[in-house]
Amino acid sequence: MKRVLSIQDISCVGKCSLTVALPIISAAGLETAILPTAVLSTHTAFKGFTFRDLTDDIKPIADHWKEQKIAFDGIYTGYLGSFRQIELVENIFTEFHHPGMLRFVDPAMGDNGKLYPGFDAPFARRMGQLCGKADIIVPNLTEAAFMLDEEFMGADYTVDDVKALLKRLCGLGTPVAALTGVCPAPGRCGVMAYDSRRGEYCEYYSELIPTSFHGTGDVFASACFAAMMRGQELSKALRTAVEFTVESIRQTIAYPDHNWYGVDFETATPKLLELLAE
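Residues numbered from 1 in each chain as written. Predicted model: local features only at pLDDT ≥ 70, side-chain atom pairs only at ≥ 80, totals over all residues. Heavy atoms only, no water.

Describe the overall build of the protein, listing the residues and the values that go with them.
A tally of helices and strands in the protein yields nine helices and 11 strands. With the principal axes as the frame, the protein shows a C-alpha extent of 55 × 45 × 40 Å. The long-range fraction of contacts in the protein, counting pairs at least 24 apart against all pairs at least 6 apart in sequence, stands at 67%. Entry remark: accessible area of the protein is about 12,500 Å², with carbon and sulfur atoms responsible for 52%. Charge separation in the protein, taken as the distance between the mean sites of 25 positive and 35 negative side-chain charges, equals 4 Å. (Helix = DSSP H or I, 4+ residues; strand = E, 2+ residues; numbered from the N terminus. Contact = heavy atoms within 4.5 Å. Areas by Shrake-Rupley, 256 points an atom, 1.4 Å probe, with all protein chains shown as cover. Lys, Arg positive; Asp, Glu negative; His and termini not counted. Charge placed at Lys NZ, Arg CZ, Asp CG, Glu CD.)

Next up, the structure:
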């Protein structure tokens, strides 16, 4: 069984970050280790949440793993809250790297043309440097624009614009970039990717459900990482991640009294296993 590591925060209630990554990747049949960067009582859409920064614990945990000769077949990072955490993740990428290991970065720091509270343009550029050390990155259009220090074009992006943006993302140093939230036509939304080693694009779109939930980006990234670690090629892994995310939203809105703070990916897990088996 392959062993992977996910580095991001834990929201004890609220379906995002590690409370999404751990169950999804584990369900895919991968031993999943975690390295929490912070512990929150709930995610930040709740009022009055508590927060404990675990930055000072990251290096001692990683050092202990090295002492115990623990290795990982893949490392997946999500929300990172500071410049120091980015630096520590870069060190882990270097210290644990071996041929064949997959370094997967979701630069979770903004959406809808704005960075999340606490982040600014210098942080976005620093995140771009981390992305340059990854094997694949999966930003949304907002995160891509900020990492490249470009203007966010919103709904004005054309397919050609997205292709050019993907090439510029690969210019950061990563060989493969995938952009989420690409909507090429009314009612359709999904992802487009570029593999700079082959000079090839691939894309996958599904139904655009006119609603929004916290944590769907984490669902997508976790499923995509899991699919790639299970051996699916990029185009197939993107399809798996998109369809699983859409199914999670469908399962959520099927109930009139659904929760507001995340999607019911648990109910959609059989769909994930079906997609992984194809």
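I'd love a proper account of the packing of aromatic side chains, names of residues and values included.
The geometry of two aromatic rings is summed up by the distance between their centres and the angle between their planes. With the rule as written, the count across this model stands at 14 aromatic pairs. Residues F104 and F225 carry aromatic rings whose centres are separated by 5.5 Å and whose planes lie at 65 degrees to one another, so their mutual orientation is edge-to-face. Of this pair, F104 sits in strand 5 (residues 102–105) while F225 sits in helix 7 (residues 216–229), and the two are 121 residues apart along the sequence. The same class applies to F104 and to F225, which are both buried. Aromatic side chains Y194 and Y201 sit 4.6 Å apart centroid to centroid with 35 degrees between the ring planes, which places their arrangement in the tilted category. A network of ring pairs unites the aromatic residues Y79, F83, F119 and F123 as a single cluster. Positioned above the aromatic ring of F96 is the side chain of K66, whose terminal nitrogen or guanidinium carbon lies 5.0 Å from the ring centre. Between the NZ or CZ atom of K163 and the centre of the ring of Y201, over which it lies, the distance is 5.2 Å. (Phe/Tyr/Trp six-rings, centres within 6.5 Å; stacked < 30°, edge-to-face > 60°. Buried < 20%, exposed > 50% of the residue type's maximum accessible area, 1.4 Å probe, protein only. Lys NZ or Arg CZ within 6 Å of the ring centre and 35° of its normal.)

An account of the pairing of strand 5 is requested, with residue identities and associated values reported.
Here strand 5 shows no split at all, with L102 and F104 on one side and R103 and V105 on the other all buried. Running through helix 3 (residues 83–95), the crossover from strand 4 (residues 74–77) to the neighbouring parallel element strand 5 is right-handed. Strand direction decides the pairing type here: strand 5 and strand 8 (residues 136–137), joined by two bridges, are parallel. Paired with V105 across the bridge in strand 8 is I137. (Right-handed = clockwise from strand over helix to strand, strands pointing away. Pairing = 2+ DSSP bridges.)

A description of the environment of P175 should follow, citing residues and the corresponding values.
Position of P175 relative to the elements: it lies in the loop between helix 6 (159–170) and strand 9 (176–185). Given the relative accessible area of 17%, P175 is considered buried. On a C-alpha basis, the gap between P175 and E233 in space is 14 Å, while along the polypeptide they are 58 residues apart. Those residues in contact with P175 that sit more than four places away from it in its chain are A134, D135, C170, Y194, D195, S196 and R197.

An account of the packing of helix 3 against helix 4 (residues 121–131) is needed here, citing residue identities and associated values.
Following both chains from N to C, one finds helix 3 and helix 4 inclined at 5 degrees, their axes separated by 10 Å at the closest point. One finds that helix 3 runs roughly parallel with respect to helix 4. Residues F83, I86, E87, V89, E90 and F93 of helix 3 touch helix 4, and the partners they reach there are P122, F123, R126, M127, Q129 and L130. Within the contact of helix 3 with helix 4, the residues separate by chemical class into eight nonpolar, one polar and three charged. (Axes fitted to C-alpha atoms, helices over the stretch in contact; angles between N-to-C directions. Parallel < 35°, antiparallel > 145°, perpendicular 65-115°, else oblique. Nonpolar A, V, L, I, M, F, W, Y, C, P; charged D, E, K, R; others polar.)

Help me get a handle on the sheet that holds strand 9, residues and values and all.
The pairing of strands in a sheet comes from backbone hydrogen bonds and takes either a parallel or an antiparallel form. One open sheet holds the nine strands; their spatial order is 3-2-1-4-5-8-9-10-11, and the pairing between them is mixed. Every other strand in the sheet has two partners, leaving strand 3 (51–53) and strand 11 (200–207) as the edge strands with one partner each. Bridge count between strand 8 and strand 9: two bridges; the pairing is parallel. Looking at strand 9, one finds that I137 is bridged to A177. The strands that helix 3 touches are strand 1 (3–13), strand 2 (31–42), strand 3, strand 4 and strand 5; relative to strand 4, the one it contacts most, it runs at about 170 degrees.

How would you explain the environment of A178 if you had to name every residue and give the values?
In this structure, A178 sits in strand 9. A residue is classified by how much of its surface remains accessible, and A178, at 0% relative accessible area, is buried. Distance from A178 to G190, taken between C-alpha atoms, is 10 Å for residues 12 residues apart in sequence. Filtering out sequence-adjacent residues up to four positions away, A178 remains in contact with I137, V138, P139, L166, V191, M192, A193 and L238.

Got a sec to walk through the pairing of strand 2? Specific residues and values, please.
Each regular strand carries side chains that alternate between the two faces of the sheet. Relative to strand 2, strand 1 runs parallel, the two sharing nine bridges. The residue bridging Q8 from the neighbouring strand is P36, located in strand 2. In this view, the connection linking strand 1 to its parallel neighbour strand 2 by way of helix 1 (residues 18–27) has right-handed handedness. Summarising the sheet, strand 2 and strand 3 pair through three bridges and their orientation is antiparallel. Bridge pairing in strand 3 links A38 to D53.

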